[in-house]
Amino acid sequence: MIAGLDHVQLAAPPGSEPELRAFYTGVLGMAELTKPPVLAGRGGCWFAAGTAVLHLGIEEQFRPARKAHPGLRVNGIHGFAKGLQAEGTTVVWDYDLPGHLRFYCEDPVGNRLEFLEPTTI
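Residues numbered from 1 in each chain as written. Predicted model: local features only at pLDDT ≥ 70, side-chain atom pairs only at ≥ 80, totals over all residues. Heavy atoms only, no water.

*Asks:* I'd like a rundown of the nonpolar core, residues and numbers included.
*Replies:* Considering soluble globular proteins, one finds that nonpolar side chains tend to be buried as a cluster. Ranked by internal contacts, the top residues of the largest apolar core, which has 24 residues, are Y24, L28, L113 and F115. Of all the secondary structure elements, the ones that give two or more residues to this core are β1 (8-12), α1 (17-27), β3 (45-49), β4 (52-58), α3 (77-86), β7 (100-106) and β8 (112-118). Beyond its immediate chain neighbours, meaning those up to four positions away, Y24 contacts L10, G29, M30, F47, L54, L56, D107 and L113. (Core = buried A, V, L, I, M, F, W, Y, C linked by side-chain atoms within 4.5 Å. Buried < 20%, exposed > 50% of the residue type's maximum accessible area, 1.4 Å probe, protein only. Helix = DSSP H or I, 4+ residues; strand = E, 2+ residues; numbered from the N terminus. Contact = heavy atoms within 4.5 Å.)

Given below as structure tokens:
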């Protein structure tokens, strides 16, 4: 029986860890998690905020997924979007999901990220 979602893994190109750290901790406000020593040698980095956990793994032949993405819940979505825009991140609003406000953006290596906030409970 599935009990929940543990994490989402996204790929990233070799050497992109400094950019990823700056974006996921500095812009998104996530905390960086310490990778277990046995996995740290593979590169990449892990981040968490609330119940959301993202693993960014290094892929030699990296290509960002154009459709696949994590959907991250936020509170105060308009202020969150303005904060991203103030940091130079392009925000693309999408009003097609009933009962939600949502937008998309890309991380520094081109991974698609969705942010959403329910408008009904």
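*Asks:* So, the side chain of H55: which residues are in play, and what are the values?
*Replies:* Take H55: it is sitting in strand β4. Take H55: its relative accessible area is 9%, and that puts it in the buried class. A polar contact is formed between the side chain of H55 and the side chain of H7, at a distance of 3.4 Å. Apart from residues lying up to four places away in sequence, H55 is in contact with H7, V8, Q9, L10, C45 and W46. (Polar contact = N/O pair within 3.5 Å; in protein donor to acceptor, adjacent residues only side chain to side chain.)

*Asks:* A description of the environment of P13 should follow, citing residues and the corresponding values.
*Replies:* By the element assignment, P13 lies in the loop between β1 and α1. Along the chain, P13 and Q61 lie 48 residues apart, while their C-alpha atoms are 7.3 Å from each other. For P13, the residues in contact, after removing those within four places along its chain, are I58, E59, F62 and V109.

*Asks:* Give a detailed account of the pairing of β3, specifying residues and quantitative values.
*Replies:* A large share of β3 lies buried, amounting to 4 of its 5 residues. Bridging between strand β2 (residues 31-33) and β3 involves 3 bridges; their strand directions are antiparallel. Residue pairing for β3: L33 is matched across the bridge by W46. Here β3 runs beside β4; their pairing, made up of 5 bridges, is antiparallel. Residue pairing across strands places C45 opposite L56, the latter belonging to β4. (Pairing = 2+ DSSP bridges.)

*Asks:* Any chance you could break down the pattern of salt bridges for me, citing the residues and the numbers?
*Replies:* Considering all chains together, one arrives at 4 salt bridges under this definition. Of the charged contacts, one joins R21 and E32 as a salt bridge, the two residues approaching to 2.9 Å between their closest N and O atoms. On the criterion of sequence distance, the pair formed by R21 in helix α1 and E32 in strand β2 is long-range, its members being 11 residues apart. A relative accessible area of 35% means that E32 is categorised as partly exposed. Here the salt bridges share partners, and the residues they tie into one network are D94, R102 and E114. (Salt bridge = Lys/Arg side-chain N within 4 Å of Asp/Glu carboxyl O.)

*Asks:* Kindly report on α3, identifying the contributing residues and their values.
*Replies:* Looking at α3, one finds that the buried residues are I77, A81 and L84. Buried residues along α3 cover an arc of 60° about the axis, so they all sit on one side. In α3, the exposed residues that point more than 90 degrees away from the buried face are K82 and A86. For α3, the secondary structure elements touched by its buried residues are α1, β6 (92-93), β7 and β8. Where α3 ends, the next residue or the one after it, G88, has phi of about 90°, a positive value. (Arc of directions from axis to C-beta.)

*Asks:* Describe in detail the sheet that holds β4, supporting the description with residues and values.
*Replies:* Within a sheet, adjacent strands bond to each other through the backbone by hydrogen bonds, running parallel or antiparallel. Spatial strand order, β1-β4-β3-β2: 4 strands in an open sheet with mixed pairing. Of all the strands in the sheet, just β1 and β2 have a single pairing partner and so form its edges. Mean inter-strand twist for the sheet, computed between neighbouring axes without regard to direction, equals 30°. Summarising the sheet, β1 and β4 pair through 5 bridges and their orientation is parallel. (Axes fitted to C-alpha atoms, helices over the stretch in contact; angles between N-to-C directions.)

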